[in-house]
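Reading the structure
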Amino acid sequence: MTTIKTIIIVLVLVAIFASATMASETRLNGLGLNINSVYAPDSWMISDAANVNLFPATILKYPKLAVFEYDGSDLNSYANLDLFGGVIGLYTNTNTYINLLDNSVNSGVLYGRNLSNAISFAVGITYQQYLDKQVQNPTEMPVSYDKDIRVNKFNNAFGINLGLSYLGDIPMDFGLSLVFPLSIACENTFYDIWGNIEQFCQQKTVGIEAKLNGKVNFGDMTIGLGPQLYTIKYENIQKCFNTSGALYLDWYQVITNQSIMIQLGAVKTVKFDKTTIFAGTQVEMNFYNNSWANGFDKLVEIKSVLNEFDDTIIFNVPLIIGAETKLNENWTLRAGAKKAMWYNYIYKCYYKNSDGKIYSADDTYTISNTNRLNVNFGATFEIAAFSIDFLVNEDLILNGPEFISGRGAYGANTTPWASKIALNFKS
């Protein structure tokens, strides 16, 4: 079934049900905003239920809400329920961004309530795990003591979300997210035929991700601040034992990565009857540092020597403009554009010897490019308590659709009509 036929069927089904507040990442993307950017999320510029991951206490604004979002490969969903004197949110694959792990599917729960007429808070946790493990099943006759264990892949992450909102004359929202991920690319334990361990090897990555977000509203002007920290350590471990069980090789290598991002921005929102227009900018500064250590045997040497270093600095100041207009009772259209007013990327690599002195350095690599323009289009169809958001493929607007084939926008590689879709329900 073609994509357009699928969309038509969904719209027919939606029309059967008994207008909803827009509340999806699809809507934010249609306005040119990105909520899950590891570099510098800018979706704080617009109020939306999808921003609960940035400002958890704002969940109180969206009780009795359910959202199902599909981007062509994965389904994200969340439901907010009015319970226990506050609002509980249940999430799958939506409420946090984990940079370290390949598989970002997670589950989470968030609870928010009002402490007073002016202050509300929220607390939540997230969790995810993936395990691919095999244990040798000996079938020889007679049965041996072989019991090799192979962990082909293991991902695990635990997160804490905290939020606080001030609802006074100058409203303020704050959010803190802490994630503790662990990733094992492989872990093998080998035994001899008598059941004695021969070798243990492991490739492990651990880290911490901390994100702080805050915004202050001054009427139609909002100021936002968002520092982030990512610290990651990769360890390569190998231990070998002789027949008597004594350790004769304890190999170890470590690679570290640290990323610090700071953003500070402002946005002004203007409303004209059924149309809302916003224009904003933010200063985005990213500092990355990677270091590679020489591998060494712990039985012989004391510690690892950091040898290779990579430093990266990214400085970006984008201009973001978005507009949203309600055409009639059922349809809303939106568009957004993001253009770099100032962008600099600086990278350098250098090497140090055992006494910490630089003995070699590569050329410094610099890119400055303001020809960075992203344009997005979106639409929402509403009827009674249901709404459906579309992130419209820009080629559909710029190149036109193929109505006969129904394959979407014109081009050598035809693309879907909508690259993202969200179904929302609010009672």
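Residues numbered from 1 in each chain as written. Predicted model: local features only at pLDDT ≥ 70, side-chain atom pairs only at ≥ 80, totals over all residues. Heavy atoms only, no water.

Considerations on the overall build of the protein chain
Secondary structure assignment for the protein chain yields 3 helices and 20 strands. Buried positions account for 43% of the 427 residues belonging to the protein chain. Surface exposure of the protein chain reaches about 21,800 Å², of which carbon and sulfur atoms provide 60%. (Helix = DSSP H or I, 4+ residues; strand = E, 2+ residues; numbered from the N terminus. Buried < 20%, exposed > 50% of the residue type's maximum accessible area, 1.4 Å probe, protein only. Areas by Shrake-Rupley, 256 points an atom, 1.4 Å probe, with all protein chains shown as cover.)

Observations regarding the environment of Phe386
The topology assignment puts Phe386 in strand 19 (residues 386-392). Between the C-alpha atoms of Phe386 and Phe425, which are 39 residues apart in sequence, the distance is 4.7 Å.

A word on the packing of aromatic side chains
Counted by the stated rule, this structure contains 7 aromatic pairs. The lysine or arginine in question, Lys352, covers the ring of Phe309, its NZ or CZ lying 4.7 Å from the ring centre. (Phe/Tyr/Trp six-rings, centres within 6.5 Å; stacked < 30°, edge-to-face > 60°. Lys NZ or Arg CZ within 6 Å of the ring centre and 35° of its normal.)

Some words on the pairing of strand 12 (residues 275-293)
For strand 11 (residues 247-272) and strand 12, the ladder comprises 18 bridges, and the chain directions are antiparallel. Bridge assignment links Val267 to a residue of strand 12, and that residue is Gly280. Here strand 12 runs beside strand 14 (residues 306-326); their pairing, made up of 17 bridges, is antiparallel. Pairing of Asn289 across the sheet is with Asp311, part of strand 14. (Pairing = 2+ DSSP bridges.)

Thoughts on the confidence of the model for the protein chain
Overall, the prediction assigns the protein chain a mean pLDDT of 83, with 82% of residues at 70 or greater. Across the protein chain, the element-wise mean pLDDT spans from 37 in helix 1 (residues 3-16) up to 95 in strand 9 (residues 221-225). Counting contacts from residues 1-21, a segment whose pLDDT is below 50, to residues more than four positions away or on other chains yields 38 contacts. (pLDDT = per-residue confidence, 0-100. Contact = heavy atoms within 4.5 Å.)

Describing the nonpolar core
Formed by 26 residues in total, the largest nonpolar core has its most connected members in Leu33, Leu65, Tyr78 and Phe278. Going through the elements one at a time, strand 1 (65-70) and strand 3 (86-92) are the ones with two or more residues in this core. Residues contacting Phe278, with those up to four places away along its chain left out, are Leu31, Leu33, Ile46, Val267, Lys268, Thr269, Ile320, Ile321 and Gly322. One finds Ile237, Tyr252, Val254 and Phe296 within the second-largest nonpolar core, a separate group that totals 6 residues. (Core = buried A, V, L, I, M, F, W, Y, C linked by side-chain atoms within 4.5 Å.)

A few points about unusual backbone geometry
Backbone geometry places Phe84, a non-glycine residue, at a positive phi of 55°. Classification of Phe84 as exposed rests on a relative accessible area of 65%. Here the phi dihedral of Ala384 falls at roughly 55°; this positive angle occurs in a residue that is not glycine. Along the chain, the position of Ala384 falls in the loop between strand 18 (373-383) and strand 19.

Let's talk about the side chain of Thr380
Within the secondary structure layout, Thr380 lies in strand 18. For Thr380, a relative accessible area of 0% gives the class buried. Side chain to side chain, Thr380 and Arg334 meet in a polar contact 2.7 Å long. (Polar contact = N/O pair within 3.5 Å; in protein donor to acceptor, adjacent residues only side chain to side chain.)

Focus: the pairing of strand 5 (residues 119-135)
As a general feature of sheets, a regular strand has side chains that alternate between the two faces. In this sheet, strand 5 lies alongside strand 4 (residues 107-114) in antiparallel orientation, the contact comprising 8 bridges. Following the sheet pairing, Arg113 is matched in strand 5 by Phe121. Here strand 4 hands over to strand 5 after 4 residues, the two strands then running antiparallel side by side. Judged from the 17 bridges that link them, strand 5 and strand 6 (residues 149-166) form a sheet pairing that is antiparallel. The partner of Tyr130 across the bridge, within strand 6, is Asn155.

Quick look at a nonpolar patch on the surface
A cluster of nonpolar residues, Ile170, Phe218, Ile223, Leu225, Leu229, Ile260, Ile262, Leu264, Phe287, Ile313 and Ile346, forms a patch on the protein surface that exposes about 850 Å² of accessible area. Only strand 9 and strand 11 provide two or more residues apiece to the nonpolar patch. For the nonpolar patch, the element with the highest residue contribution is strand 11, accounting for 3 residues. Relative to the helices and strands, Ile170 is located in the loop between strand 6 and strand 7 (172-191). When its relative accessible area of 39% is taken as the criterion, Ile170 is described as partly exposed. (Patch = residues over 30% accessible without salt bridge, like charges linked within 9 Å, V, L, I, M, F, W, Y side chains within 5 Å. Salt bridge = Lys/Arg side-chain N within 4 Å of Asp/Glu carboxyl O.)

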